[in-house]
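Notes for the structure review
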Amino acid sequence: MNSQRADALATLIDDATRAGLLPLGTSRPVQDVRPWPLVLMTAFGAWLAAIPLMIALGVGLESVVRQGPGAYVVAAIVLVVAVLLIRARGVALFVEQLAVPCLLVGGGLLGYALYRDYSTQTASLLLCLACLVVAAALPRDWLRVLLGLVACGLLGLGIVDSTRDWIFENDPTQLYLAWMLALALWLGAHWLQKQAFNDGRGASVAAFLESLSTGWVLAILLGLVFWSGMTFMLGGALGGGFAGEVAREVTRHQGVAWYAQALNGVSLVLATAAAAWAGWRWPALRQLPAIGVALVLVVLAWFMPALGPVLLILAYCLTSGRARVAVAAALAAAWILGSFYYQLAWPLASKAALLAVAGAVLCALSWLVMRGAVLHLVESKPVSVAAEHRVARMGVLGGLLLVLLVANGGIWQKEQLIAKGQAIFVALEPVDPRSLMQGDYMRLNFVNLGVLSTLASVDRAPGRPLVVATRDARGVAELLRPYTKEALAPGEFLLELTPKDGNWVLVSDAWFFKEGEAARWEKARYGEFRVMPDGRALLVGMRGEDLQVL
């Protein structure tokens, strides 16, 4: 505790004592003053020591836990011992840290036994209940947060249909409704906390609910983020890896059920409730600019079903002083807004128009706020405050100019490369037809890329490598070898490679085009590049069988 917080707590205790809420002689609780490096090193040693112990336990008791009730007995013993060690006072630090991996092993063994003997839904719900019981028995807030997160995730898994793969094949509407049930339970827990335990007699229960609900709501936010799919530009970063495929599958299957259309209405109602709650708790928001922002978010929530519940969480946490959860909710809302880009049911131009209109309205409201603040400052605020606001406006303007400078600098570089680079063509190889067209881009696989297999991996390479290439009379290039700083022969030139999904690619492995033009670009047989003498290259177009412009 820093001195400022310690003084505030001491003042609070003194005031409560004088008011009769606390008995005379109440003192500030003793804080853990052990240096965190010592705790970290001890925890590391305890975890290393726990690994062979757990392996020995598993080998010795394999016949006991494999069949029958033995797994439940061993799991219960391990969990009880771990809880008692964590609750014990004065126990050695090493023993205390050793209890955490024991807690994980006991929980994992209990999960193994439950999923072995019961259906996925039943086992998930029972394991969720076990997490809540263990969290109630533990005195550590951070463990309660983690157990709350796990319990909420298990609740979601227990609600969805277990007869199909819940990530790829299950109707995601069920998963959305599971998160809505979890959200209702979270709100109900906070109502119970305030109504029944808002005094000194229920402080311990209120503290338990606070820690548990923090992990619970973080799981809801993570679940809604996952349900919404990829956010803006993440598809290019994730590529074709497992995370990217999961995100694409979830996005692709949204709204397949007839009742999925009702999710938009649920989101709209929750976003409206968030705006009403914020206006009720913070009367200063009952003015035109704030109402305008709320209306924009409510309209966006109609098109993005995951946005409404996140806005409700954000409003509640902001108005109740839960700043860290509010930050997490704000990040989740930003993610969900970006995920609107990947809703393939909408044309790209329509999505861009909606977001552009929303941005223009928000800019206009911001201008109105600044305009009103300037008039108010001129009338009643001192010069120093006006100067501070002037500096803030200059900072915002400077940031905007910097963004425009960087963006236009990149555009200028690409235009120079297109104007001054020499034109070459690289032949395309067929790719899997099922992956040829995905949304509004085409996967590319260039001929003669076997030379790239001799290069160092992306992780070990000190920079972007270069390859030596040559071209024939038509301008069709052929990759020869990796460049090792040797002198180039006449007619040879350099090409710079780009990292993508842990591999090296030739500038890009995708060609983006306007929606509805798939038939035009499926005739492509060559990629058209512009190359500078230093190897920098840019993919500028596609050519047909005879290098004709498509």
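Below or above, wherever it landed, is the structure these notes cover. Just so you know, these numbers come straight off a predicted model, no measurement behind them.

This part is about the sheet that holds strand β11 (residues 537-543). The 3 strands lie next to each other as β1-β10-β11, forming an open sheet whose pairing is antiparallel. Each edge of the open sheet is held by one strand with a lone partner, namely β1 (422-427) and β11. For this sheet, the mean angle separating the axes of adjacent strands, direction not counted, is 30°.

Residue position: Lys485 is located in the loop between β5 (477-482) and β6 (492-496). Placed 19 residues apart in sequence, Lys485 and Leu466 show a C-alpha to C-alpha distance of 9.2 Å.

For the rest of this paragraph, the subject is the pattern of salt bridges. Taken as a whole and assessed by the stated rule, the structure comprises 10 salt bridges. The salt bridge involving Arg322 is made with Glu210; its shortest N-O contact spans 2.9 Å. Of this pair, Arg322 sits in the loop between α14 (307-319) and α15 (323-339) while Glu210 sits in helix α9 (residues 203-228); the two residues are 112 residues apart in sequence, bridging distant segments of the chain. Of the residues examined, Arg322 reaches a relative accessible area of 17% and is grouped as buried. Among the residues examined, Glu210 registers a relative accessible area of 25% and is labelled partly exposed. Here Glu528 and Arg530 are joined by a salt bridge, their closest N and O atoms 2.9 Å apart. When sorted by exposure, Glu528 lands in the same class as Arg530, which is buried. Counted as one network, the salt bridges with shared partners bring together Arg481, Glu486 and Glu492.

Moving on: the sheet that holds β5. Across a sheet, paired strands are connected by hydrogen bonds in the backbone, their directions being either parallel or antiparallel. Taken in spatial order, the 3 strands line up as β5-β4-β6 in an open sheet, and their pairing is antiparallel. If you trace the sheet from one side to the other, it starts and ends with β5 and β6, each paired once. Ignoring strand direction, the axes of neighbouring strands in this sheet form an average angle of 40°. The pairing of strand β4 (residues 466-471) with β6 spans 5 bridges and is antiparallel. By the bridge assignment for β6, Val467 is matched with Leu495.

Quick look at the packing of α9 against α15 now. Close contact between α9 and α15 brings their axes to 9 Å; oriented N to C, the two are set at 10°. As summarised for this structure, α9 and α15 are arranged roughly parallel, according to the angle between their axes. When α9 is examined against α15, the residues Thr214, Val217, Leu218, Leu221, Val225 and Ser228 are found in contact with a partner set consisting of Val325, Ala328, Ala329, Ala332, Trp335, Ile336 and Ser339. Taken together, the residues that form the contact of α9 with α15 break down as 10 nonpolar, 3 polar and no charged.

Per the counting criterion, the structure on display carries 4 aromatic pairs. When the ring of Trp186 is compared with that of Tyr316, the centres are 5.4 Å apart and the planes differ by 75°; the resulting orientation is edge-to-face. Here Tyr316 lies in helix α14 and Trp186 lies in helix α8 (residues 172-196), a separation of 130 residues in the sequence. Put simply, the rings of Trp186, Trp277, Trp280 and Tyr316 touch in pairs and so form one group of aromatic residues.

Tracing the backbone shows Glu492 in strand β6. A distance of 2.9 Å separates a polar side-chain atom of Glu492 from the backbone nitrogen of Ala489. The contacts of Glu492, once residues within four sequence positions are left out, are Val468, Ala469, Leu480 and Arg481.

Burial analysis of β11 places 6 of its 7 residues in the buried class, the great majority of the element. Joining the antiparallel neighbours strand β10 (residues 526-531) and β11 is a turn of 5 residues, in which Gly535 adopts a positive phi near 100°.

We now examine the environment of Pro289. Along the chain, Pro289 turns up in helix α13 (residues 288-303). Given a relative accessible area of 16%, Pro289 falls into the buried group. Once the C-alpha coordinates of Pro289 and Ala364 are considered, the two residues, 75 residues apart in sequence, prove to be 9.0 Å apart.

Nonpolar side chains collect at one region of the surface, where Phe44, Leu48, Ile51, Ile55 and Val59 lie side by side and expose about 530 Å² of accessible area between them. Mapped onto the elements of the fold, Ile55 is located in helix α2 (residues 36-60).

A general tendency of soluble globular proteins is for nonpolar side chains to be buried together. Ranked by size, the top nonpolar core spans 77 residues in total, and within it Trp186, Ile220 and Ile313 carry the most contacts. If you tally residues by element for this core, the top one is α9, at 11 residues. Core analysis: the second largest hydrophobic core is formed by 27 residues, Val426, Ala477, Phe513 and Ala524 among them.

Further remarks concern the packing of helix α4 (residues 70-87) against helix α5 (residues 93-117). Look at α4 against α5: their axes get within 8 Å of each other, and the N-to-C directions meet at 155°. By the criterion of interaxial angle, the relationship of α4 to α5 is roughly antiparallel. Along this stretch, α4 crosses α5, giving a crossing that reads as left-handed. Along the contact surface, α4 presents Ala71, Tyr72, Val74, Ala75, Val78, Leu79, Ala82, Val83, Leu85 and Ile86, while α5 presents Val95, Ala99, Cys102, Leu103, Gly106, Gly107, Leu109, Leu110, Ala113, Leu114, Arg116 and Asp117. Classifying every residue of the contact of α4 with α5 gives 18 nonpolar, 2 polar and 2 charged.

Cut-offs applied
Residues numbered from 1 in each chain as written. Predicted model: local features only at pLDDT ≥ 70, side-chain atom pairs only at ≥ 80, totals over all residues. Heavy atoms only, no water. Pairing = 2+ DSSP bridges. Helix = DSSP H or I, 4+ residues; strand = E, 2+ residues; numbered from the N terminus. Axes fitted to C-alpha atoms, helices over the stretch in contact; angles between N-to-C directions. Salt bridge = Lys/Arg side-chain N within 4 Å of Asp/Glu carboxyl O. Buried < 20%, exposed > 50% of the residue type's maximum accessible area, 1.4 Å probe, protein only. Parallel < 35°, antiparallel > 145°, perpendicular 65-115°, else oblique. Contact = heavy atoms within 4.5 Å. Nonpolar A, V, L, I, M, F, W, Y, C, P; charged D, E, K, R; others polar. Phe/Tyr/Trp six-rings, centres within 6.5 Å; stacked < 30°, edge-to-face > 60°. Polar contact = N/O pair within 3.5 Å; in protein donor to acceptor, adjacent residues only side chain to side chain. Patch = residues over 30% accessible without salt bridge, like charges linked within 9 Å, V, L, I, M, F, W, Y side chains within 5 Å. Areas by Shrake-Rupley, 256 points an atom, 1.4 Å probe, with all protein chains shown as cover. Core = buried A, V, L, I, M, F, W, Y, C linked by side-chain atoms within 4.5 Å. Left-handed = near helix turned anticlockwise from the far one by under 90°.

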